[in-house]
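Chain by chain, the residues run as shown.
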Amino acid sequence: MRVKKGDTVKVIAGKDKGAEGKIIKVLREEERVIVEGVNRIKKHTKVVDQGGRAGNTGGIITTEAPIHVSNVMLVEGDGVTKVGYKRVDVTKRRPDGSEYSSTRSVRISRKTGKEI
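Remember, it's a predicted structure, so these values are computed and weren't measured experimentally.

## Details of the overall build of the protein chain
Then, in step 1: The helix and strand tally for the protein chain stands at zero helices and 10 strands.
Then, in step 2: The order of helices and strands in the protein chain, counted from the N terminus, is β-β-β-β-β-β-β-β-β-β.
Then, in step 3: Seen through its C-alpha atoms, the protein chain measures out along the principal axes to roughly 60 × 40 × 25 Å.
Then, in step 4: The long-range share in the protein chain, meaning contacts at least 24 apart out of those at least 6 apart in sequence, stands at 44%.
Then, in step 5: Accessible surface for the protein chain amounts to roughly 8,400 Å². Of this, 47% is attributable to carbon and sulfur atoms.
Then, in step 6: Measuring between centres, the 26 positive side-chain charges of the protein chain sit 2 Å from its 15 negative side-chain charges.

Shown next, in the form of structure tokens:
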């Protein structure tokens with residue numbers, strides 16, 4: 001997946017098209033994300049009487065439902081961008097204190113080429 005928790009995304013398809021929000025949770029197996037304030041549903045809950053504070057009061061709870069990751073795009077600056085990857089050289093340190101050079105993958109903006 002090219003987006004992760006905490007990214008600001010814009011919805012590009014569906015009933016909430018054009019809405020922006022922060023990713024609350026990523027569901028990798030289902031290829032879905034939960035975005036703050038997007039795809040809100042109402043869930044009816046029953047009164048559960050377990051005595052004391054453990055019981056829950058019934059009612060209607062509004063919560064965010066997952067949407068498919070293909071329906072969102074990462075927001076960068078004033079617009080949206082595709083996400084790419086590139087390898088950069090880094091210096092790593094071993095437990096004994098010696099250093100060595102290696103590479104790591106970083107996300108980049110396809111629009112500007114800058115690291116995200």
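Having seen the model, we can carry on.
## A word on the pairing of strand β4 (residues 40-45)
Then, in step 1: Counting buried positions along β4 yields zero of six residues, so the element is predominantly exposed.
Then, in step 2: Where β4 meets strand β5 (residues 59-64), six bridges bridge the pair, whose relative direction is antiparallel. Residue pairing in the sheet places K42 in a bridge with T62 of β5.

## Observations concerning the UniProt feature "domain: KOW" (unreviewed entry) in the protein chain
Then, in step 1: In this numbering, the UniProt entry assigns the feature "domain: KOW" (unreviewed entry) to residues 2-29.
Then, in step 2: Taken end to end, residues 2-29 has its terminal C-alpha atoms 14 Å apart, with 0% of it in helix and 43% in strand.

## Side note on the nonpolar core
Then, in step 1: Counting residues in hydrophobic clusters, the biggest one holds 11 residues: V3, V9, V11, I23, V33, V35, V38, I67, V72, L74 and V83.
Then, in step 2: When neighbours within four sequence positions are excluded, V38 is seen to be in contact with V11, D16, A19, E64, A65 and I67.

## A look at the domain arrangement of the protein chain
Then, in step 1: On domain assignment, one finds that the protein chain holds domain 1 (1-50 + 57-76) and domain 2 (82-115).
Then, in step 2: Computed from C-alpha coordinates alone, the two centres of domain 1 and domain 2 are separated by 30 Å.
Then, in step 3: Listed as interface residues are eight residues of domain 1 and, on the opposing side, eight residues of domain 2.
Then, in step 4: In this assembly, domain 1 packs against domain 2 so that about 600 Å² is buried in total across both faces, 43% of it on carbon and sulfur atoms.
Then, in step 5: Of all residues in domain 1, R2, M73 and E76 give up the largest surface area on contact with domain 2, accounting jointly for 74% of the area buried on that side.
Then, in step 6: Inspection of the domain 1/domain 2 interface yields one salt bridge.
Then, in step 7: Close ionic contact of D7 with R107 constitutes a salt bridge, the shortest N to O distance being 2.9 Å.
Then, in step 8: Connecting domain 1 to domain 2 are six residue pairs in polar contact (both at pLDDT 80 or more).
Then, in step 9: Of the residues contributing to the side of domain 1 that touches domain 2, the split by class is four nonpolar, no polar and four charged.

Rules used throughout
Residue positions are counted from 1 within each chain, in the order its sequence is given. Whole-chain, interface and lining totals are the exception, using all residues; otherwise, since this is a predicted model, local features are given only for residues with pLDDT of at least 70 and side-chain atom pairs are given and counted only at 80 or more. Hydrogens are left out, water is left out, and the side-chain values use all remaining heavy atoms of the structure. The secondary structure listing takes helices from DSSP runs of H or I that are at least 4 residues long and strands from runs of E that are at least 2 residues long, numbered from the N terminus. Any two residues having at least one pair of non-hydrogen atoms within 4.5 Å are treated as being in contact. Throughout, the Shrake-Rupley method with a 1.4 Å probe supplies accessible areas, and for residues the shown protein chains are the sole cover considered. When charges are counted, Lys and Arg are positive and Asp and Glu negative, with His and the chain ends excluded. Charged side chains are reduced to one point each, which is NZ for Lys, CZ for Arg, CG for Asp and CD for Glu. Between buried and exposed lies partly exposed: a residue is buried under 20% and exposed over 50% of the maximum accessible area for its type, with that area taken using a 1.4 Å probe on protein chains only. Two strands qualify as a pair provided DSSP detects at least 2 bridges between them. UniProt positions are given in the numbering used here, feature names are shortened, and annotations may be inferred rather than shown by experiment. Joining through side-chain atoms within 4.5 Å is the link that ties buried Ala, Val, Leu, Ile, Met, Phe, Trp, Tyr and Cys residues into a set, and such a set is a nonpolar core. Either an automatic procedure or a domain database provided the assignment from which the domain bounds are taken. A simple way to read buried area is as the amount of 1.4 Å-probe accessible surface that goes missing from two parts once joined, with both sides added. Every case where a carboxyl oxygen of Asp or Glu lies within 4 Å of a side-chain nitrogen of Lys or Arg is listed as a salt bridge. Within 3.5 Å is the distance limit for a polar contact, defined as a pair of N or O atoms, with the added protein rule that one can donate a hydrogen and the other accept it, and that residues adjacent in sequence qualify only through two side-chain atoms. Residues were grouped as follows: Ala, Val, Leu, Ile, Met, Phe, Trp, Tyr, Cys and Pro as nonpolar; Asp, Glu, Lys and Arg as charged; and all remaining residues, including Gly, as polar.

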